[in-house]
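If you want the building blocks of each chain, they are given just below.
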Amino acid sequence: MASRSTILPLCLGLLFFQVSIAQFSFGGSPLQSPRGFRGDQDSGLQCRFEHLTALEATHQQRSEAGFTEYYNTEARNDFRCAGVSVRHLVVENKGLVLPMYANAHKLVYIVQGRGVFGMALPGCPETSVRSPFEQQMATTSEDQSTSQKMMDEHQQLHQFHQGDVIAVPAGVAHWLYNNGDSPVVAFTVIDTSNNANQLDPTRREFFLAGKPRSSWQQQPYLYQTEQLSRNQNIFAGFSSDLLSEALGVSKQTVLRLQGLRDKRGAIIRVENGLRALQSSLQVEPVREEQTQAYLTTKQLQPTWSRSGGACGQQNGLDEIMCAFKLRKNINNPQSSDIFNPHGGRIARANSQNFPILNVIQMSATRIVLQNNALLTPHWTVNAHTVIYVTAGQGRIQVVDHSGRSVFDGELHQQQILLIPPNFAVAVKARREGFAWVSFKTNHNAIDSQIAGKASILRALPIDVVANAYRLSREESRRVKFNRGDEMAVFAPSHGQQQYAEWQINKE
């Protein structure tokens, strides 16, 4: 039987563990969002979604080894109401995105390339590592203290590849390095309306190194450029005496840390590469899953879990931040959630298969449509959606609560479009096909499909359909069942192979 002296420390340990988990966890149903409605606070007006617009990058900021593109989302009422901000990043070979953190959660989608990223999660342990050069020096050195000095300690490093979704919690320092042969292209969505951001809805990025070049600080309906002297890393705001004492280094070293004369920007070039990191990379094998033509509804649809955790449960030991997987690939055709050999495929990253999204409170879905294929009309119940086009071209129609078309147009590569919750959407690919990633402001976004298997029309009795639309029972049966077992992704109809019927009338 355990003594009181044993039970008391155990209870205190469990209490501390629960408090630690609570710092990084959000419970609740998928229909309950930690996002509060803010409206358009800057202009004092209500959110207006009468006319949605496809956006392209409007400004490019160069750095030594790459550039960042901005979309002027802060000047749009719809994006400000949704509380999301986006940017497009290109990192050249041997380019290093300097360590930084932000005031809000974000998701990063790797459009192209491969490399290494790291995060400094508060409270997580470091590991001791040696590069091959350091190991050789340690074996030739007879002094044990010298050998220990050759060791490095840092948190786990992770490799990323094309199609990966990387989850970055608010306030967590992170960096990215391109060790591939081609540029890394990444698209980032920052959710400033999540309760993790306790500041105003403005995106704020805090750099830990370098001196980022002047960035566009977007204000409503206009751009405002900050002065170069105001774009500095956080060390520059401290006095050199205080930093010298706090870090135990010379003032000359402090001046280097502050980077007041650094002109390389936010993405710098590492001429000799980060070869010392090769021995400490975490290799995460891609799980090969057998492709299924038509999966059952249970396997495809997010579950309505009360706890909001992965698979409807939250296991404390599995949800410690330090143990979370930080990336998930949604580009592998063999891991698709929905697959139609004649239409296309859908792959999701949500809290059920990517548990850290319970913290991030966002999710991502990659959709690939073959030529002339159709994504069923649908609406997202509990999230805003940001569409980022990765390839091809397609037509998108969006309808609001009044039955009015608020968007009817073509989207092409690198364009973005915001779709508010519950607005009905239909997508049709052009002849070259259409591929995009949908970023949603809920960790377990629910799509309500209008047609096909597991749709709203399938759920209605035939008599209800017949009386609601004044159809015969036979016509109602065709409305309900003509798509057979197709779900979400539809092959083009035999009589609609030509895309001409879907061309936009610009007159």
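Residues numbered from 1 in each chain as written. Predicted model: local features only at pLDDT ≥ 70, side-chain atom pairs only at ≥ 80, totals over all residues. Heavy atoms only, no water.

The name recorded for the protein in an unreviewed UniProt entry is Cupin type-1 domain-containing protein, from Oryza punctata. Word for word, the UniProt comment on the protein under Subunit (unreviewed entry) is "Hexamer; each subunit is composed of an acidic and a basic chain derived from a single precursor and linked by a disulfide bond." For the record of the protein, the UniProt heading Sequence similarities (unreviewed entry) holds the text "Belongs to the 11S seed storage protein (globulins) family." (UniProt positions renumbered as here; feature names shortened; annotations may be inferred.)

**Student:** Explain empty space enclosed by the protein here, please?
**Tutor:** Gaps left between atoms show up when a probe the size of a water molecule is rolled over them. One pass over the structure, following the stated rule, counts 3 cavities of 30 Å³ or more. Size it by volume and the largest cavity reaches roughly 230 Å³. Along its surface, the largest cavity is lined by 23 residues, and Ile367, Leu375, His378, Lys440 and Asp447 are the ones closest to its centre. Secondary-structure elements contributing two or more residues to the lining of the largest cavity are strand E20 (344-349), strand E21 (363-369), strand E22 (374-380), strand E23 (385-399), strand E26 (424-440) and strand E27 (447-449). In this structure, the second largest cavity encloses a volume near 190 Å³. In terms of lining, the second largest cavity is formed by 16 residues, of which the most central are Leu89, Lys106, Val108, His174 and Leu176. (1 Å grid on protein atoms, 1.4 Å probe; cavity = no way out; pocket = protein on both sides within 12 Å on 5 of 7 lines; lining within 4 Å. Points joined across faces, edges and corners; volume = space filled by probe spheres on them. Helix = DSSP H or I, 4+ residues; strand = E, 2+ residues; numbered from the N terminus.)

**Student:** Looking at this structure, I do not really get the nonpolar core. What am I missing?
**Tutor:** Note on soluble globular proteins: their nonpolar side chains tend to be buried together. Judged by nonpolar contacts, the single largest core of 80 residues is most densely connected at Leu107, Phe187, Leu369, Ile396, Val398, Phe434 and Phe439. Looking at this core, the element that brings in the most residues is E26, giving 7 residues. Formed jointly, this core draws a minimum of three residues from each of two domains, domain 1 (51-133 + 151-210 + 264-280 + 318-329) and domain 2 (330-452 + 487-505). Residues contacting isoleucine 396, with those up to four places away along its chain left out, are Ile387, Phe407, Asp408, Gly409, Leu411, Leu417, Val425, Ala426, Val427 and Phe434. Listed in part, the 11 residues of the second largest apolar core include Leu96, Leu98, Met100 and Ile268. (Core = buried A, V, L, I, M, F, W, Y, C linked by side-chain atoms within 4.5 Å. Buried < 20%, exposed > 50% of the residue type's maximum accessible area, 1.4 Å probe, protein only. Domains from an automatic or database assignment. Contact = heavy atoms within 4.5 Å.)

**Student:** What am I meant to see in the side chain of threonine 385 here?
**Tutor:** Mapped onto the elements, threonine 385 comes out in strand E23. In this structure the side chain of threonine 385 is engaged in a polar contact, spanning 3.0 Å, whose partner is the side chain of lysine 440. When sequence neighbours within four positions are dropped, the list of residues in contact with threonine 385 reads Thr380, Leu417, Leu418, Ile419, Ser438, Phe439 and Lys440. (Polar contact = N/O pair within 3.5 Å; in protein donor to acceptor, adjacent residues only side chain to side chain.)

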